[in-house]
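# Understanding the architecture of this molecule
Next come the chains, spelled out residue by residue.
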Amino acid sequence: MDLEIEKILSNITLKEFEDRFKLFENNQAQNNTACTAEAIIETIMIEHNGLKFSAFKSEEREYKKDAILYRVRKLEPEKIELTHDDFWEAPEKYVDYGRLNQPEQQLLYVAANNPMTAIKEVGIREGDYFLLTCYKVINSLKVFGIGVGNDFECKLSKESKSKLDALTDFIDRNFLKDTKSAYLVSSVIANSICDFGRDGWFYPSVAHQNGLNLCLKLSAKSNLEIHSSYICQLNDGEISNRFAITVGNDINIHHDWQSKSSKANKILESLFEHNRLHNELNKNEQPKVIKDIGYPIKFV
């Protein structure tokens, strides 16, 4: 694999790479119409034997059975009428460019490890009401990393490593820009460059330090089930639970927090206990990180 990457990278100099990146980023900064999907691909790809390739550093992670993932959507308190669709991905007609998706491309955005990552990614402000949905992984998920993997080890020449570093840095910084105009770049990187048939992608959170986001394909939904959901409010930067919800054939909403036999408390305690047991059982294994991924990417 390293030999093949070496051959691919030999078709371009480091300066040619850097000149490409500078031109592209200057055009993007000026909202130049040259910032298109084709321009992104041409900037990243290298021609080799009549085909176009790229190579960069990344990693794969596996989220095992019983891991909990979190999704947040903002609510207007005077218009809370929940249906089953509210607990999953946004309807196609409402989908614009997102971090990974293109218009009308439905993907399920969730956060790993900490619900505060999902809260900050959605832009929940002090006093806002929001729906927090907690998914349980029922079959393991494998996701491909973007913006990660900088400690990838390879047996390349010093010159090729410099090219690989430059390309990886270009992908990382453009993928992780926190502007709407940058979403065209990130969605093309994900869908055209970094789709290896996994259940989706993962990437660092821009909004929450050390947070981690997952973006799952709809084909991965069968690997999830809803553990519970909560109507919450953000107060003093903390999550205040207003209602606890179970979602099956029916949607059951509970607000009996003060009752001795409170169903709301039982639902929340069940989530905490599930997380505690899962983390204890998998503290040395979850998530599994595979760092030896350095695929050459073919684009015909």
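Details of the structure are given in the entry above.
Below, the structure is looked at part by part. Note that the coordinates shown come from a computational prediction; the quantities given were computed from them, not determined experimentally.

In this structure, Ile146, Ile189 and Trp201 are the most contacted members of the largest nonpolar core, which totals 37 residues. Breaking this core down by element, the ones donating at least two residues are helix 1 (2-9), helix 2 (14-29), helix 3 (37-44), strand 2 (51-55), helix 5 (158-175), helix 6 (183-193) and strand 8 (200-204). Once residues within four sequence positions are removed from consideration, Ile189 is found in contact with Ile40, Ile44, Ile146, Ile171, Phe175 and Cys194. Counting 26 residues, the second largest nonpolar core, distinct from the first, contains Leu108, Leu141, Leu216 and Val247.

As a further point, take the pattern of salt bridges. Side chains that carry opposite charge are capable of pairing whenever their charged atoms lie near each other. Tallying each qualifying case throughout the model produces twelve salt bridges. The residue Asp128 makes a salt bridge to Lys74 at a minimum N-O spacing of 3.5 Å. Of this pair, Asp128 sits in the loop between helix 4 (115-122) and strand 6 (129-137) while Lys74 sits in strand 4 (residues 68-75); the two residues are 54 residues apart in sequence, bridging distant segments of the chain. Given the relative accessible area of 42%, Lys74 is considered partly exposed.

In the structure shown here, the tally under the stated rule is zero disulfides. Here Cys232 stays free of any disulfide, with the sulfur of Cys134 as its closest cysteine sulfur at 8.1 Å. Here Cys232 falls in the buried class, since its relative accessible area comes to 0%.

Another aspect to go through is the pairing of strand 3 (residues 58-63). For strand 3, the tally of buried residues reaches six of six residues, placing the bulk of the element in the interior. Neither face of strand 3 is exposed, since Ser58, Glu60 and Glu62 on one face and Glu59, Arg61 and Tyr63 on the opposite face are all buried. As defined by bridge partners, strand 3 adjoins strand 7 (residues 141-145) across four bridges and the pair is classed as antiparallel. Among the inter-strand pairings, Glu60 is bridged to a residue of strand 7, identified as Phe144.

Time to look at the layout of surface pockets. In this approach a probe as big as a water molecule rolls over the atoms, and the regions it shows empty are the leftover space. Its boundaries defined by the atoms lining it, the largest pocket holds a volume of some 890 Å³. Arg71, Val72, Ala90, Tyr109 and Val122 are, among the 34 residues lining the largest pocket, the residues nearest its centre. Of all the secondary-structure elements, those providing two or more residues to the lining of the largest pocket are strand 4, strand 5 (108-112) and helix 4. Classifying every residue of the lining of the largest pocket by side-chain character gives 19 nonpolar, five polar and ten charged.

With 19 residues, helix 7 (residues 263-281) ought to run about 27 Å at 1.5 Å a step, and its terminal C-alpha atoms sit 27 Å apart, in line with that. For helix 7, the complete set of buried residues consists of Ala264, Ile267, Leu268, Leu271, His274, Asn275 and His278. The buried side chains of helix 7 occupy one side of the element, clustering within an arc of 115° when seen end-on. Seen from the buried face of helix 7, the exposed residues on the opposite side, beyond 90 degrees, are Lys263, Lys266, Phe272 and Leu281. Residues of helix 7 that are buried make contact with strand 4, strand 6, strand 10 (224-235), strand 11 (238-247) and strand 12 (251-254). Its side-chain oxygen 3.4 Å from the backbone nitrogen of Ala264, Ser262 forms the N-cap of helix 7.

The next thing to look at is unusual backbone geometry. In most cases, non-glycine residues show a negative phi, while peptide bonds are predominantly trans. The phi dihedral of Asp66 falls on the positive side, at around 85°, and the residue is not glycine. Positive phi values are uncommon outside glycine, yet Glu104 reaches one of about 70°. Structurally, Glu104 is set in the loop between strand 4 and strand 5.

For the pair helix 2 and helix 5, the least separation of the axes is 9 Å and the interaxial angle reads 10°. When the interaxial angle is binned, helix 2 and helix 5 end up roughly parallel. Considering the relative orientation of helix 2 and helix 5, their crossing is left-handed. In contact with Leu14, Phe17, Phe21, Phe24, Glu25 and Gln28 of helix 2, helix 5 contributes Ser162, Lys163, Ala166, Leu167, Phe170, Arg173 and Asn174. The residue makeup of the contact of helix 2 with helix 5, split by class, is seven nonpolar, three polar and three charged.

Rules and cut-offs
- Residues numbered from 1 in each chain as written.
- Predicted model: local features only at pLDDT ≥ 70, side-chain atom pairs only at ≥ 80, totals over all residues.
- Heavy atoms only, no water.
- Core = buried A, V, L, I, M, F, W, Y, C linked by side-chain atoms within 4.5 Å.
- Buried < 20%, exposed > 50% of the residue type's maximum accessible area, 1.4 Å probe, protein only.
- Helix = DSSP H or I, 4+ residues; strand = E, 2+ residues; numbered from the N terminus.
- Contact = heavy atoms within 4.5 Å.
- Salt bridge = Lys/Arg side-chain N within 4 Å of Asp/Glu carboxyl O.
- Disulfide = S-S within 2.5 Å.
- Pairing = 2+ DSSP bridges.
- 1 Å grid on protein atoms, 1.4 Å probe; cavity = no way out; pocket = protein on both sides within 12 Å on 5 of 7 lines; lining within 4 Å.
- Points joined across faces, edges and corners; volume = space filled by probe spheres on them.
- Nonpolar A, V, L, I, M, F, W, Y, C, P; charged D, E, K, R; others polar.
- Expected span 1.5 Å × (residues − 1).
- Arc of directions from axis to C-beta.
- Polar contact = N/O pair within 3.5 Å; in protein donor to acceptor, adjacent residues only side chain to side chain.
- Axes fitted to C-alpha atoms, helices over the stretch in contact; angles between N-to-C directions.
- Parallel < 35°, antiparallel > 145°, perpendicular 65-115°, else oblique.
- Left-handed = near helix turned anticlockwise from the far one by under 90°.

Spatial relationships are all this shows, so hold off on functional conclusions.
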